[in-house]
Amino acid sequence: MNFINGDFVATGNWFENRTPTSNMVIGQVAEAGKAEVDAAVAAARAALKGPWGSMPLARRIELLEALVAEINNRFDEFLEAECADTGKPKSLASHIDIPRGAVNFKVFADIVKNVPTEFFEMATPDGMFCINYGYRTPVGVVGVICPWNLPFLLMTWKVGPALACGNAVVVKPSEETPRTATLLGEVMNKVGIPKGVYNVVHGFGPNSAGEFLTSHPGVDALTFTGETRTGEIIMKAAANGSRPVSLEMGGKNAAIVFADCDFDAAIEGTLRSAFANCGQVCLGTERVYVERQIFDKFVAAMKVGAENLKLGAPDDPATNMGPLISKEHQNKVLSYCKLAIEEGATVVTGGCVPDMPGELKDGCWVQPTIWTGLPETARVIKEEIFGPCCHIAPFDTEEEVLEKANDNKYGLATAIWTNNVSRAHRVAQKMEVGIAWVNSWFLRDLRTPFGGAKQSGIGREGGVHSLEFYTELKNVCIKLQA
Ligand code: NAD
C-alpha cells in the first residue's frame, strides 16, 4: 500500500508482486495515480510548514535515532520482506541490506549534528567590517526514486540525509520491491515522525507514479538511483522548474589485477564483485583485466570459485547466490549470454539457467558465468548487463590496461589489485570513475563522496556531500556599525 500523510492508502489499481526465487505471486501492490502523488506531495509540503519544519535539530536527531532502534527491533520483518521481494540470501541481507539500511539514518544524523558551516570576516571601506556565515536550510520536498537491487539500503541512503537535513520526502520504490519502503512507514508512525514527512507512492515509471512524481511541480529536488537512460528522463523532468537532481546510475566496472597482487585476495574480491547479489550491484565488476603472467591461473581459480557458489533459497544458510530480480531481467541477462557466444566468447563456465529443485525451478536463475576471448569492441564488453557474469581479458602494460578500462561510457567504480603502492595510486588517479578501490571492493565509509563519473552519475552523495544536495546553503552577511 501507499503511505501518505501517515496513513496506508489503497487505490483502485493493483499490480502483482512476485518473488524471484519461484516467480510466484506473493502480494498485490496498490498503484498510486496522479491523485495519490498529489496527496503525498501536499502532505510533504504541509509537514514542512508544520511541526517538522519548526522542530529543533536535537529533537529531529532523537527521532532518527529512535527510528534506527525500531528498525533493529523489527529486523527480522525487514529481512523477511527484503528477501521475499529480491530472493537474495538472508546471509547477505542480514549483513548488508538491513543493518546498513538502518545505519544510514544514524550516520547522517551525526553528520548534520557535527558539520559546521563557514565563517568569513571582511574589512569594509568605512573602517569597520562585516561578517559572513553559511546557514543551511532544507531544500524542501524531495522526490526519491529507487531501484530494486538493494531496495532498503539505497532508499535510506537518500531518505536518511534528506530527513536529517529537515526535508520531507516522497519515495517511489521500484515496482519490483515495494515491501521494505512500506514497512518503514509503520516504523515512522511508531517512533512519532510527524505525518507527511515520509511518504511512499508505488507504481511504475512512465505514465505512473514515477513520472507523476518527477514531473510534479511541488517537488523541489529529485534524487534517483537506477539505469542511465531513466536518469536522463528524470533529468529532463527536473529541468521544468530548474530543480536540482542527484543521479546515481549504471556502470560497467573494470577490475585491474596486476601480477604482483595478493592472488588469493584478488580472487576472493573479484568473485564477490562479480557475483554478489547475483551480479546486481551497480559497483560490481563485469570486466576483469589480468596481467598476462597470471592470466591462466586467475581464470582457472575464478572458474573454481564460480562453480562452488551455491544457488538456493534465501532461508538456506548454505546459499551464497540468489536469483535475478525478475523473468524480464533473466531474459535480458540470458540474451547477453547468447550474444557473448555470437560475438566469439569462450564460455569458461555458466551461461545457462541452472536446474533448480521443487518450486525454485520456475525462478529467475542464471548460472555464474565467466567469458574470455571477446574483442574490446564487443557489446558484451561495452554494455551494462547487471547479472552474474564477467569477462576476463589479459593485458601486458599499465598504459594498455588504463586505455581499455577507461574506454567505456560509464565511470562508476574500479577495483585495482596490486602490492605496488606507487602503481596503486597512479592507476587509481587515472581511472575515470567515482570510486577506486585498491585491494578491496565494496568497502564503504559513509563520510566519503559517492557517485559516478561520465554517464554513471551526476553529483556526489555521502558525508558532507549529501548536505550539499539536501540543503540550500545561504550566505548571511552582517555589516557591523561603528
Ligand atoms: P530503473 O532505471 O529501471 O528503475 C529505477 C526507478 O526508476 C524505478 O523505481 C522505476 O520505476 C523508476 N522509473 C523508471 N522509469 C521512470 C520514468 N520514466 N520516470 C520516473 N521514474 C521512472 O533501474 P533498476 O532496473 O531498478 O535498477 C538497476 C539499475 O540501477 C542499473 O543500471 C544499476 O547500475 C543502477 N544502479 C546504480 C547505482 C549507483 O549508485 N550508481 C546503485 C544501484 C543501482
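Residues numbered from 1 in each chain as written. Predicted model: local features only at pLDDT ≥ 70, side-chain atom pairs only at ≥ 80, totals over all residues. Heavy atoms only, no water.

J.: How would you sum up the state of the cysteines? Please name residues and give values.
T.: In protein structure, a disulfide is the covalent linkage between the sulfur atoms of two cysteines. This model, assessed by the stated rule, comprises zero disulfides. Cys83 takes part in no disulfide bond, and the closest cysteine sulfur, belonging to Cys278, lies 14 Å away. Here Cys261 stays unpaired: no disulfide links it, and the sulfur of Cys390, its closest cysteine neighbor, is 15 Å away. (Disulfide = S-S within 2.5 Å.)

J.: Explain the site of the ligand to me, and be specific about the residues and the numbers.
T.: Around the ligand, the structure places 32 residues, and the nearest of them are Cys146, Lys172, Glu175, Thr230 and Glu384. Within the contact set of the ligand, an oxygen atom lies 2.6 Å away from a side-chain nitrogen or oxygen of Lys172. Glu384 is positioned with one of its side-chain polar atoms (N or O) 2.5 Å from an oxygen atom of the ligand. Contact with the protein chains removes 93% of the 850 Å² of surface that the ligand exposes when unbound. (Near = heavy atom within 4 Å. Polar contact = N/O pair within 3.5 Å; in protein donor to acceptor, adjacent residues only side chain to side chain. Areas by Shrake-Rupley, 256 points an atom, 1.4 Å probe, with all protein chains shown as cover.)

J.: Outline the sheet that holds strand S5 (residues 119–123), listing residues and values.
T.: Strands in a sheet are paired, the pairing made by backbone hydrogen bonds, and the direction either parallel or antiparallel. The strand order S5-S6-S22 describes an open sheet built from three strands, whose pairing is antiparallel. Strands with a single pairing partner mark the edges of an open sheet, and in this sheet they are S5 and strand S22 (471–479). For this sheet, the mean angle separating the axes of adjacent strands, direction not counted, is 25°. Where S5 meets strand S6 (residues 129–138), five bridges bridge the pair, whose relative direction is antiparallel. Bridged to Glu121 within S6 is Ile131. (Pairing = 2+ DSSP bridges. Helix = DSSP H or I, 4+ residues; strand = E, 2+ residues; numbered from the N terminus. Axes fitted to C-alpha atoms, helices over the stretch in contact; angles between N-to-C directions.)

J.: Which residues make up the domain arrangement of the chain, and what values do they have?
T.: How big an interface is tends to be stated in terms of accessible area lost as the parts join. Partitioning the chain into structural domains gives domain 1 (2–249 + 456–479) and domain 2 (253–445). The gap between the C-alpha centroids of domain 1 and domain 2 is 31 Å. Contacts between domain 1 and domain 2 engage 26 residues on the former and 29 residues on the latter. Roughly 2,300 Å² of surface becomes buried between domain 1 and domain 2 when both sides are summed, with 58% attributable to carbon and sulfur atoms. Summed over the three residues of domain 1 that lose the most area to domain 2, namely Thr21, Trp148 and Ser456, the buried surface amounts to 25% of that side. (Domains from an automatic or database assignment. Contact = heavy atoms within 4.5 Å. Buried area = accessible area lost by both parts, 1.4 Å probe.)

J.: Any details on the pattern of salt bridges? Residues and values, ideally.
T.: All told, the structure shown has 33 salt bridges when counted by the stated rule. Between Glu342 and Lys338 there is a salt bridge, with the nearest N and O atoms lying 3.4 Å from each other. Here Lys338 and Glu342 lie together in helix H13 (residues 327–342), a separation of four residues that amounts to about one turn. Across the pair, Lys338 and Glu342 agree in class, each one exposed. (Salt bridge = Lys/Arg side-chain N within 4 Å of Asp/Glu carboxyl O. Buried < 20%, exposed > 50% of the residue type's maximum accessible area, 1.4 Å probe, protein only.)

J.: I'd like a description of the packing of helix H4 (residues 75–86) against helix H6 (residues 97–114), backed by residues and values.
T.: Across the interface, H4 lies against H6 with an axial gap of 9 Å and an inter-helix angle of 120°. One element, H4, and the other, H6, form an angle in the oblique class. Here H4 and H6 pass one another in a crossing that is right-handed. The segment H4 lies against H6, with Phe75, Phe78, Leu79 and Glu82 engaging Asp97, Ile98 and Pro99. (Parallel < 35°, antiparallel > 145°, perpendicular 65-115°, else oblique. Left-handed = near helix turned anticlockwise from the far one by under 90°.)

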